[in-house]
Amino acid sequence: MTTLENRPNTALLVVDVQNGVVEGAHERDAVVANVGHLIEKARRAGTSVVWVQHSDKHLVRESDDWRIVPELTPGDAEPLVEKNYGDSFEDTTLETVLSGLGAGRLVVVGAQTDACIRSTLHGALVRGYDVTLVSDAHTTENQTAWGAPPPDQVIAHTNLYWSYQAAPGRTAGTVETKNVDFVGMS
């Protein structure tokens with residue numbers, strides 16, 4: 001269990017599912033559909049949904065690329081955390097938001113696998129959270145021109161190594177969308 005005291009709740013963390021981030025990403029439509037399914041599951045179960053939205057010089061705030069994809073709509077009461085670094089905790093209000101929700105467990109979805117998702121997974125684990133990555137609800141773009149493996153291999157590798165992560169007093173792992181059960185987790 002989480003090492004964070006008095007934090008029994010779970011939050012679904014939706015990271016950077018923005019037009020300019022997932023445009024052209026590997027299996028974009030399937031991943032966005034899985035994220036949407038998980039959002040609805042979480043809402044039905046009373047589990048908090050927390051949105052993270054990135055901006056930088058390539059992803060300009062308020063631009064069309066910066067906006068959350070049209071298939072997904074944050075709820076009026078759902079927190080939205082803006083960030084400028086890969087780790088969703090770095091120089092943001094995320095920790096304050098999660099503390100206010102009593103969340104010590106995170107279910108992570110979004111983009112990009114080899115950047116903001118990995119940074120956020122590790123950032124959460126070292127801060128004391130239990131962290132589950134939904135194996136078929138994260139994606140990345142093709143970075144082979146810069147020496148990276150193809151996107152499907154990046155995703156598979158991340159799923160593999162995260163399924164074996166652990167830390168004292170904390171858990172990590174992966175789960176498929178169809179096996180996520182928020183009932184009793186919130």
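Keep in mind that what you see is a predicted model, and the values were worked out from it rather than measured.

Before going further, it helps to spend a moment on the nonpolar core. Counting 26 residues, the largest nonpolar core has Leu98 and Leu106 as its most contacted members. Of all the elements in the fold, those that place two or more residues in this core are strand 1 (9–15), strand 2 (48–54), helix 3 (94–101), strand 4 (103–111), helix 4 (113–126), strand 5 (130–139) and helix 5 (151–162). With 5 residues, helix 4 is the largest single contributor of residues to this core. Core analysis: the next-biggest nonpolar cluster, separate from the first, contains 25 residues, Val14, Ala25, Ile39 and Leu72 among them.

Counted by the stated rule, this structure contains 13 salt bridges. A salt bridge links Glu82 to Arg61; its shortest N-O distance comes to 2.7 Å. Pair noted here: Glu82 is in strand 3 (residues 80–83) and Arg61 is in the loop between strand 2 and strand 3, with a separation of 21 residues, a long-range link. Residue Arg61 is classed as partly exposed on the basis of its relative accessible area of 41%. A salt bridge links Arg67 to Glu62; the nearest nitrogen and oxygen atoms lie 3.7 Å apart. With relative accessibility at 33%, the residue Arg67 sits in the partly exposed group.

It is worth spelling out helix 2 (residues 28–45) at this point. Relative to the 26 Å expected for 18 residues at 1.5 Å per residue, helix 2 spans 26 Å between its end C-alpha atoms, a close match to the ideal helical length. Here helix 2 has its buried residues at Arg28, Val31, Val32, Asn34, Val35, Gly36, Leu38, Ile39, Lys41 and Ala42. Of the surrounding secondary structure, the elements contacted by the buried residues of helix 2 are strand 1, helix 1 (19–22), strand 2, strand 4 and strand 5. At the exit of helix 2 stands Gly46, carrying a positive phi of roughly 80°.

Looking now at the UniProt feature "domain: Isochorismatase-like" (unreviewed entry) in the chain. Under the UniProt annotation, "domain: Isochorismatase-like" (unreviewed entry) lies at residues 10–144. Annotated as residues 10–144, this span is 33% helix and 27% strand, and its ends, taken at the C-alpha atoms, are 35 Å apart.

This next bit is on the packing of aromatic side chains. Evaluation of the coordinates by the stated rule reveals 2 aromatic pairs. A ring pair is formed by Phe89 and Tyr129, whose centres lie 5.4 Å apart and whose planes are at 40°; its orientation type is tilted. Here Tyr129 lies in the loop between helix 4 and strand 5 and Phe89 lies in the loop between strand 3 and helix 3, a separation of 40 residues in the sequence. The class of Tyr129 is buried, set by a relative accessible area of 0%. With a centroid separation of 6.3 Å and an interplanar angle of 80°, the aromatic rings of Tyr161 and Trp162 are classed as edge-to-face. Exposure remark for Trp162: the relative accessible area of 0% places this residue in the buried category.

What counts and how
- Going along each chain's sequence as written, the residues are numbered from 1 onward.
- For a predicted model such as this one, the threshold for reporting local features is a pLDDT of at least 70, and the threshold for listing and counting side-chain atom pairs is 80 or more; totals across whole chains, interfaces and linings nevertheless cover every residue.
- For the side-chain quantities, the full set of heavy atoms in the structure was used; hydrogens and water were omitted.
- Note on terminology: a nonpolar core comprises buried Ala, Val, Leu, Ile, Met, Phe, Trp, Tyr and Cys residues joined through side-chain atoms within 4.5 Å.
- For every residue, the accessible area (1.4 Å probe, protein chains only) is compared with the maximum for its type, and the residue is labelled buried under 20%, exposed over 50%, or partly exposed between those bounds.
- Helix and strand definitions here come from DSSP, where helices need a minimum of 4 consecutive H or I residues and strands a minimum of 2 consecutive E residues; each element is numbered from the N-terminal end.
- Salt bridges are defined as contacts in which a side-chain nitrogen from Lys or Arg sits within 4 Å of a carboxyl oxygen from Asp or Glu.
- Working rule for helices: expected span equals 1.5 Å times residues minus one.
- What makes two residues a contact is simply this: any of their non-hydrogen atoms within 4.5 Å.
- UniProt positions are given in the numbering used here, feature names are shortened, and annotations may be inferred rather than shown by experiment.
- Aromatic contacts are taken between Phe, Tyr and Trp rings whose centres are within 6.5 Å, Trp giving its six-membered ring; a plane angle under 30 degrees counts as stacked, one over 60 as edge-to-face, and the others as tilted.

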